[in-house]
Amino acid sequence: MYQDDHPELVRERNKKEIEKLKPMLAVDQDTKLLDVACGIGRWADAITENIKEYCGVDFSGELIKIANERNNRENFYFYEGAATDIASVLSEHKKGTYNTVLLIGILMYVNDKDLDGFLEQLEHVCDQHAKICIREPIGLQDRLTLKDFYSNELDDEYHAIYRTRDELMKFLNVGLIKKGFHIEKEGFLFEEDALNNRKETAQYFFILER
Ligand SMILES: C[S@@+](CC[C@H](N)C(=O)[O-])C[C@H]1O[C@@H](n2cnc3c(N)ncnc32)[C@H](O)[C@@H]1O
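Rules behind the numbers
- Residues numbered from 1 in each chain as written.
- Predicted model: local features only at pLDDT ≥ 70, side-chain atom pairs only at ≥ 80, totals over all residues.
- Heavy atoms only, no water.
- Helix = DSSP H or I, 4+ residues; strand = E, 2+ residues; numbered from the N terminus.
- Buried < 20%, exposed > 50% of the residue type's maximum accessible area, 1.4 Å probe, protein only.
- Polar contact = N/O pair within 3.5 Å; in protein donor to acceptor, adjacent residues only side chain to side chain.
- Contact = heavy atoms within 4.5 Å.
- Axes fitted to C-alpha atoms, helices over the stretch in contact; angles between N-to-C directions.
- Parallel < 35°, antiparallel > 145°, perpendicular 65-115°, else oblique.
- Left-handed = near helix turned anticlockwise from the far one by under 90°.
- Nonpolar A, V, L, I, M, F, W, Y, C, P; charged D, E, K, R; others polar.
- Core = buried A, V, L, I, M, F, W, Y, C linked by side-chain atoms within 4.5 Å.
- Salt bridge = Lys/Arg side-chain N within 4 Å of Asp/Glu carboxyl O.
- Phe/Tyr/Trp six-rings, centres within 6.5 Å; stacked < 30°, edge-to-face > 60°.
- Lys NZ or Arg CZ within 6 Å of the ring centre and 35° of its normal.

## Some details on the side chain of R210
No. 1: Structurally, R210 can be placed in the segment after β9 (201–209).
No. 2: Residue classification places R210 among the buried residues on the basis of a relative accessible area of 15%.
No. 3: Of note is the side chain of R210, whose polar atom sits 3.1 Å from the backbone oxygen of D127.
No. 4: At 3.1 Å, the side chain of R210 forms a polar contact with the backbone oxygen of Q128.
No. 5: The contacts of R210, once residues within four sequence positions are left out, are E123, C126, D127, Q128, H129, A130, K179, G180 and F181.

Pasting the structure below:
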């Protein structure tokens, strides 16, 4: 994600991602937005409109601390918690349901055995009418699993599952589409070759609505 060796690329990808996906969310004063695995609140920065509520959750206490320091808008909240405990994290903080949900770069860190349960909880914290935006790197040909993989870019071990689009669809079918959501839009995020700097994977998005 950080690609610290290429700060320009990070900035350009961020800009293009927000430009492409944000209009699809159609945020307005009624938007209640849940950002699962919010990191330091990159997407919170992008929401410059007055919305009803933004709630970001991430299991890294360190990132949540930074997010809280960077953001001081009144109705923007950041909480520490695991995506797979999202329902209890929200109820602990007396939060309700949401009409806009961001899953930006998170499903790749959730194991297969936990994914159905996560999507089931997510569906429960969505309003009857809701939009979910998923942005994920997908495996282009095959599923790619990195386990205890040493990354030079991060100078640390890295674990991630790059599922194929069809594999992701199987999970979305069970967890969301059977619960009334449909795919409103989907596709590759970047058209520019320069922004797709991986051979085996590429950034993909789904907008689901019900
Ligand atoms: C690729 S980053 C994306 C951050 C943010 N969504 C963004 O787009 O800027 C992945 C984030 O997921 C968080 N994360 C990974 N596994 C998680 C889990 N099981 N529960 C909650 N957060 C998790 C990491 O701490 C990290 O902030």
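## What to know about the packing of helix α5 (residues 112–124) against helix α6 (residues 165–175)
No. 1: Orientation of α5 relative to α6, taken along the N-to-C sense of each, is 40°, at an axis distance of 9 Å. When the axes of α5 and α6 are compared, the pair comes out oblique. For the pair α5 and α6, the crossing hand works out as right-handed. Residues D112, L115, D116, L119 and E123 of α5 pack against F171, L172, V174 and G175 of α6.
No. 2: Of the residues that constitute the contact of α5 with α6, the class distribution is five nonpolar, one polar and three charged.

## Notes on the environment of G180
No. 1: Take G180: it is sitting in the loop between α6 and β8 (182–188).
No. 2: With a relative accessible area of 45%, G180 lands in the partly exposed category.
No. 3: Expressed as a C-alpha distance, the spacing of G180 and H129, which sit 51 residues apart in the sequence, is 9.5 Å.

## Brief notes about the nonpolar core
No. 1: Counting residues in each nonpolar core, the largest one holds 34 residues, and the members touching the most others are L34, V36, V101, L103, F118, L122 and I132.
No. 2: When residues of this core are traced back to their parent elements, those giving at least two are β1 (32–36), β2 (53–58), α4 (86–92), β4 (98–104), α5, β5 (126–139), α6 and β9.
No. 3: The element best represented in this core is β5, accounting for five residues.
No. 4: Filtering out sequence-adjacent residues up to four positions away, L103 remains in contact with V36, F118, L122, I132, C133, I134 and R135.

## Regarding the pattern of salt bridges
No. 1: In total, this model carries 17 salt bridges according to the counting rule given.
No. 2: D45 is the partner of R70 in a salt bridge, and the nearest nitrogen-oxygen pair spans 2.6 Å. In this pair, R70 sits in helix α3 (residues 61–70) while D45 sits in helix α2 (residues 42–46), placing the two residues 25 residues apart along the sequence.
No. 3: Residue R70 is classed as partly exposed on the basis of its relative accessible area of 39%.

## Quick word on the environment of K20
No. 1: When you line up the elements, K20 lands in helix α1 (residues 7–25).
No. 2: For the pair K20 and L168, spaced 148 residues apart in the sequence, the C-alpha separation amounts to 21 Å.

## What to know about the packing of aromatic side chains
No. 1: Evaluated as defined, the whole model comprises five aromatic pairs.
No. 2: Ring geometry for Y54 and F78: centres 5.3 Å apart, planes at 50°, overall tilted. One end of the pair, Y54, is in strand β2; the other, F78, is in strand β3 (residues 76–80), and 24 residues separate them in sequence.
No. 3: Given a relative accessible area of 0%, Y54 falls into the buried group.
No. 4: Residue F78 is classed as buried on the basis of its relative accessible area, which comes to 5%.
No. 5: With centroids separated by 5.2 Å and ring planes inclined at 65°, the aromatic side chains of Y204 and F206 adopt a geometry described as edge-to-face. Of the two residues, Y204 and F206, neither departs from the other in class, the shared state being buried.
No. 6: Grouping aromatic residues by their ring pairs yields a cluster made of Y54, F76 and F78.
No. 7: The side chain of K95 reaches across the aromatic face of Y77, ending 3.5 Å from its centre.

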